[in-house]
Amino acid sequence: GVASPVMNIVLFTVIGLCTGASIYMATLWGEGDMEKCRREFSTCILAGIAFTAAVSALALFCIGPILPLMQPPAELMGEATAYLRVIFGGLIFSYLYNIYTAALRAAGDSASPLYFLVLSSVINILLDLLFVPVLGWGAVGAAVATVLAQAISALLCYLYTAKQFPQLHLRRRDLVLDSRLLRTTVGYSQSAALQQTCFFIGKFLLQGAVNPLGTDTIAAFNAVSRIEGFVLAPGNSIATAVTTFIAQNKGARKPDRIFDGFRQGCRMAWGYDILMVIFMYLLARPMTSLFVDAGETAVVAEGVRYLHAMCPFYLLPAMGDVMQGFFRGIGKLNVSLFGTIFQISIRVALTYLLAGSLGLVSVSIATGTGWCLFLI
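Below you will find a few notes about this structure. Since we're looking at a predicted model, the values are computed, not measured.

With that settled, the discussion passes to the overall build of the chain. On a plain count of helices and strands, the chain comes out with 14 helices and 0 strands. In terms of C-alpha radius of gyration, the chain reaches 21 Å, essentially the compact-globule figure of 21 Å for 376 residues. The C-alpha extent of the chain, read off along each of the three principal axes, is 60 × 45 × 30 Å. Counted over contacts in the chain with a minimum sequence separation of 6, partners at least 24 positions apart contribute 79%. Carbon together with sulfur atoms contributes 67% to the accessible area of the chain, which is approximately 16800 Å² in total.

What follows is the structure, encoded as structure tokens:
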């Protein structure tokens, strides 16, 4: 819980690079230019590995100065630091896994990345159960499990791509860094990466506002953050599908299908958001209890107050994601970037303004206000 805001700033910067690259690859795939798409993938692999190695080294160096800025409890600093060292040391496997799944989605195969994600999650869970309770490695064991799961999944993605998508299979002779394609890719990727970075810097600052409120509030915030991860993930996935669909049809010069895909995404988003409002209001207590030790009634109560305050706002995020997916798909990534900077600034400012008087509920009010203004 303490380490995740720092980890996510770095991890989702890398994932943002893959998101931007996948949009351009999907456009090339839609155009039917397989040779150019193959060179683009090679360029992404080579440039991405170099960039990820540099980010990994910088992140390892910055753990010491940055982690204390969130004002975590002193007893958690040691394990949080050790956890981040392992995660950042294995960042290259996360990049390879994400760039291969991004390429598969760009090629229209959205099912296989799901299967690899499920497999990676199962491996991660099994290794967690071995390393943490059995071997007693603590947070370091959880980090090692994550890195190993991503490494195994990256290898399996490579083998699957080689067999099912020979257009994207890169042998040694195919590894070429095309400077022109690199410039275009950077144009797509930097906006997506900056957006992810800004979002998680905002989450980092929110954690800094919550930590001084005490360990019960920290525990409740970590619990509801995990619950919201589940709540928000399908909206993100709808947006990813919309982005890929629109980028492919932009490449194929089929504008009617672009707007058909957007409208279908909107219908899915509204339907999902309405379900989440009902579901999260009725099940706020049992959901919070899943992530809290038995007997910690104050933590559960704080989490329930947060989720009930958030419920009306759950009408908004999936629709906002679809809007972002549309603009990304047509190549206007800066619209999504500036919108994210705007809404996260609102969230952080309101949280710091209200936290002293409202506690954790301040985060829900600030988040909902940010989402609303973002969508408008």
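A few words now on the environment of Thr197. Along the chain, Thr197 turns up in helix H7 (residues 179-210). The class of Thr197 is buried, set by a relative accessible area of 16%. Separated by 182 residues in the primary sequence, Thr197 and Ile15 have C-alpha atoms spaced 9.8 Å apart. If sequence neighbours within four positions are ignored, Thr197 has contacts with Ile9 and Thr13.

This part is about the layout of surface pockets. Space inside the second largest pocket adds up to approximately 320 Å³. Lining the second largest pocket we find 15 residues, and of these Ile9, Val10, Leu58, Ala59 and Ile66 sit closest to its centre. Every element with two or more residues in the lining of the second largest pocket is listed here: helix H1 (4-31), helix H2 (34-66) and H7. Top element by residues in the lining of the second largest pocket is H2. It accounts for 7 residues. Of the residues that constitute the lining of the second largest pocket, the class distribution is 13 nonpolar, 2 polar and no charged.

With that settled, consider the packing of aromatic side chains. A complete count under the given rule lists 9 aromatic pairs for this structure. Aromatic pair Tyr314 and Trp371: ring centres 6.3 Å apart, planes at 45 degrees, arrangement tilted. In this pair, Tyr314 is assigned in the loop between helix H11 (297-310) and helix H12 (317-329) and Trp371 in helix H14 (residues 361-375), connecting sequence segments 57 residues apart. On the basis of relative accessible area, Trp371 is assigned to the buried category, the value being 8%.

Attention shifts here to the pattern of salt bridges. Overall, the coordinates contain 2 salt bridges when judged by the stated rule. Measuring nitrogen to oxygen at the nearest pair gives 2.7 Å for the salt bridge that ties Arg263 to Asp260. Of this pair, Arg263 and Asp260 are both found in helix H9 (residues 255-282), 3 residues apart, which corresponds to roughly one turn of the helix. Across the salt bridge formed by Glu302 and Arg305, the nearest N and O atoms sit 2.4 Å from each other.

This next bit is on the packing of helix H4 (residues 91-106) against helix H6 (residues 138-164). Two elements in contact, H4 and H6, have axes whose closest approach is 8 Å; the angle formed by their N-to-C orientations is 35 degrees. Crossing of H4 over H6 shows left-handed handedness. Of H6, the residues touching H4 (which contributes Phe93, Ser94, Leu96, Tyr97, Tyr100, Thr101 and Leu104) are Val147, Gln150, Ala151, Ser153, Ala154, Cys157, Tyr158, Tyr160 and Thr161. A class-by-class count of the residues in the contact of H4 with H6 yields 11 nonpolar, 5 polar and no charged.

There is a patch of nonpolar side chains on the surface, built from Trp270, Ile274, Ile278, Phe279, Tyr281, Leu282, Leu283 and Leu315 and spanning about 750 Å² of accessible area. Mapped onto the elements, Ile278 comes out in helix H9. Its relative accessible area of 48% is what places Ile278 among the partly exposed residues.

Once that is clear, we can look at the nonpolar core. Counting residues in each nonpolar core, the largest one holds 54 residues, and the members touching the most others are Met25, Phe41, Leu84, Phe88, Ile99 and Leu168. Of all the secondary-structure elements, those providing two or more residues to this core are H1, H2, helix H3 (77-89), H4, H6 and H7. Considering every element that reaches this core, the biggest residue donor is H1, with 15 residues. Excluding its chain neighbours within four sequence positions, the residues that come into contact with Phe88 are Val6, Met7, Val10, Ser56, Ala59, Leu60 and Ile63. One finds Val210, Ala269, Tyr306 and Leu316 within the second-largest nonpolar core, a separate group that totals 36 residues.

Turning our attention to the environment of Gly261. You can see Gly261 is positioned in helix H9. Given a relative accessible area of 14%, Gly261 falls into the buried group. As a C-alpha pair, Gly261 and Asp273 span 12 residues in sequence and 18 Å in three-dimensional space. Setting aside residues up to four positions removed in sequence, Gly261 forms contacts with Val242 and Phe245.

Definitions and cut-offs
- Residues numbered from 1 in each chain as written.
- Predicted model: local features only at pLDDT ≥ 70, side-chain atom pairs only at ≥ 80, totals over all residues.
- Heavy atoms only, no water.
- Helix = DSSP H or I, 4+ residues; strand = E, 2+ residues; numbered from the N terminus.
- Rg over C-alpha atoms; globule rule 2.2 N^0.38 Å.
- Contact = heavy atoms within 4.5 Å.
- Areas by Shrake-Rupley, 256 points an atom, 1.4 Å probe, with all protein chains shown as cover.
- Buried < 20%, exposed > 50% of the residue type's maximum accessible area, 1.4 Å probe, protein only.
- 1 Å grid on protein atoms, 1.4 Å probe; cavity = no way out; pocket = protein on both sides within 12 Å on 5 of 7 lines; lining within 4 Å.
- Points joined across faces, edges and corners; volume = space filled by probe spheres on them.
- Nonpolar A, V, L, I, M, F, W, Y, C, P; charged D, E, K, R; others polar.
- Phe/Tyr/Trp six-rings, centres within 6.5 Å; stacked < 30°, edge-to-face > 60°.
- Salt bridge = Lys/Arg side-chain N within 4 Å of Asp/Glu carboxyl O.
- Axes fitted to C-alpha atoms, helices over the stretch in contact; angles between N-to-C directions.
- Left-handed = near helix turned anticlockwise from the far one by under 90°.
- Patch = residues over 30% accessible without salt bridge, like charges linked within 9 Å, V, L, I, M, F, W, Y side chains within 5 Å.
- Core = buried A, V, L, I, M, F, W, Y, C linked by side-chain atoms within 4.5 Å.

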